[in-house]
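Architecture at a glance
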Amino acid sequence: MLTRDRLGVSLVELLTALALAGLVAAAAVRAVLTATRAYGAQAERIERRSTLRTAAAIVALELAGLSSGDTAGGDIAELAPDAITYRAVRSVLFLCRPPLADGPRTVTLAVAEKPHYGIRPPDPARDSLLVWADADHRSQADDRWIGAGLSNVRQGRPCPGRGPGFLLQAAADPAAAILGLSTGAPVLALEWVRLSSYRDRSGDWWLGARRPGGGSVQPLLGPLAPDGLRFTFYDAAGLETADPGRVASVGFTLAAGTPSRPRAIDSVALRVALRNYRPQSPRRTPHEE
């Protein structure tokens, strides 16, 4: 009897092969999706931590430059658990010649255009001034900041050799304290700012700043977690205080979240000493020396 080799596959074999291929493909898809989700979660976590590091650096730098008991007046106006209103430095300039008197209480300060540190030139509509007074460089007893109002700013070439700079018309009482300043004295332009967390139209929370009493919020960083910014204020004894004039250090907590993962939250907590405040070391008893 003649026989013929079998060619092709049966229907059962084809269905079995398709089923196995489907299982392998499903497993591969699940592995890819799992890896994609893990990668996305890791990327979001890296972004959250980067946001926290940057936000913490910004807040710490702003707070470290404040003083609650300076002779020119405190830099802090208002305290809240989730906000602080303070005078923020917007420009740092240097006198290029001694000040000139305009009247009993007004002087003109000539400051060089460079070096100039800050985010913008002085603005009389927004800023006030602090001028560093140091009559005797050999002693720290006379070192102090002198506060002054800013009524006008003119750009020109007021510095020696017709160097470029700004003429700042300032009001101080008494103006004589500023007239005695020498070339090179630093001049700070400061603006009142309220730093807080706020919620945008889409429901996300951000770290933002705005001028007190109105104006639009300038977003700084985010998104934050709900209630992602909290402040605690301490006096020189380390006790919590609500008095802006007694603040010696500020503790703050920042929590960053991801809109697509509400439960994915990272946080950082820092405590910053204000300018001109240094914690005193405990005295040693005789047996400790």
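Reference entry: report on the structure contained in this document. What you see is a predicted model; the values in this text were computed from it and never measured.

1. Points about the nonpolar core
Of all hydrophobic cores here, the largest spans 28 residues; its most connected members are Val 59, Leu 63, Ile 84, Leu 195, Phe 231, Phe 252 and Leu 254. Contributions of two or more residues to this core are made by α1 (11-64), β1 (76-80), β2 (83-94), β9 (186-199), β10 (205-210), β11 (218-234) and β12 (249-258). Top element by residues in this core is α1. It accounts for six residues. Not counting residues within four places of it along the chain, the set of residues in contact with Leu 195 comprises Val 59, Asp 82, Ala 83, Ile 84, Tyr 86, Leu 207, Gly 208, Ala 209, Leu 220 and Phe 231. Core analysis: the second largest hydrophobic core is formed by 20 residues, Leu 95, Phe 166, Val 187 and Ala 189 among them.

2. Focus: the environment of Pro 164
Mapped onto the elements of the fold, Pro 164 is located in strand β8 (residues 163-171). Judged by its relative accessible area of 36%, Pro 164 is partly exposed. Residues Pro 164 and Lys 114, 50 residues apart in the sequence, show an inter-C-alpha distance of 8.0 Å. Leaving out residues up to four positions away in the same chain, Pro 164 has contacts with Ala 112, Glu 113, Gly 156, Arg 157, Pro 158 and Cys 159.

3. Observations concerning the state of the cysteines
Covalently bonding the sulfur atom of one cysteine to the sulfur atom of another cysteine gives a disulfide. Applying the stated criterion across every chain yields a total of one disulfide. A disulfide bridge connects Cys 96 with Cys 159, and the sulfur atoms are separated by 2.1 Å. With the S-S bond torsion at -80°, the cross-link from Cys 96 to Cys 159 turns out left-handed. With Cys 96 in the loop between β2 and β3 (100-101) and Cys 159 in strand β7 (residues 144-159), the pair connects residues that are 63 residues apart, well separated along the chain. On the basis of relative accessible area, Cys 96 is assigned to the buried category, the value being 11%. When its relative accessible area of 8% is taken as the criterion, Cys 159 is described as buried.

4. Description of the packing of aromatic side chains
This structure, assessed with the given rule, holds two aromatic pairs. Ring geometry for Phe 94 and Tyr 117: centres 6.4 Å apart, planes at 90°, overall edge-to-face. Linking Phe 94 in strand β2 with Tyr 117 in strand β5 (residues 117-118), this pair joins segments that are 23 residues apart in sequence. Here Phe 231 and Phe 233 contribute two aromatic rings whose centre-to-centre distance is 5.8 Å and whose plane-to-plane angle is 20°, an arrangement assigned as stacked. Phe 233 shares its class with Phe 231; the two are buried.

5. Considerations on the pattern of salt bridges
In this structure the tally under the stated criterion is six salt bridges. A salt bridge links Arg 87 to Asp 75; the nearest nitrogen and oxygen atoms lie 2.8 Å apart. With Arg 87 in strand β2 and Asp 75 in the loop between α1 and β1, this residue pair connects regions lying twelve residues apart in the sequence. There is no split in this pair, since Arg 87 and Asp 75 are both buried. The shortest N-O distance in the salt bridge between Arg 120 and Glu 191 comes to 3.0 Å. Note that Arg 120 is positioned in the loop between β5 and β6 (127-133) and Glu 191 in strand β9, a separation of 71 residues in sequence. Of the two residues examined, Arg 120 and Glu 191, each falls in the buried class.

6. Looking at the pairing of β8
Bridge count for strand β4 (residues 106-112) against β8 is seven bridges, and the pairing is antiparallel. Residue pairing for β8: Val 111 is matched across the bridge by Phe 166. Two strands pair when backbone bridges link them, and β7 and β8 are joined in this way by eight bridges, in the antiparallel orientation. Bridging from a neighbouring strand, Cys 159 pairs with Gly 163 of β8. Count of turn residues in the β7/β8 antiparallel hairpin: three residues, of which Gly 161 carries a positive phi of about 70°.

Definitions and limits used
Residues numbered from 1 in each chain as written. Predicted model: local features only at pLDDT ≥ 70, side-chain atom pairs only at ≥ 80, totals over all residues. Heavy atoms only, no water. Core = buried A, V, L, I, M, F, W, Y, C linked by side-chain atoms within 4.5 Å. Buried < 20%, exposed > 50% of the residue type's maximum accessible area, 1.4 Å probe, protein only. Helix = DSSP H or I, 4+ residues; strand = E, 2+ residues; numbered from the N terminus. Contact = heavy atoms within 4.5 Å. Disulfide = S-S within 2.5 Å. Phe/Tyr/Trp six-rings, centres within 6.5 Å; stacked < 30°, edge-to-face > 60°. Salt bridge = Lys/Arg side-chain N within 4 Å of Asp/Glu carboxyl O. Pairing = 2+ DSSP bridges.

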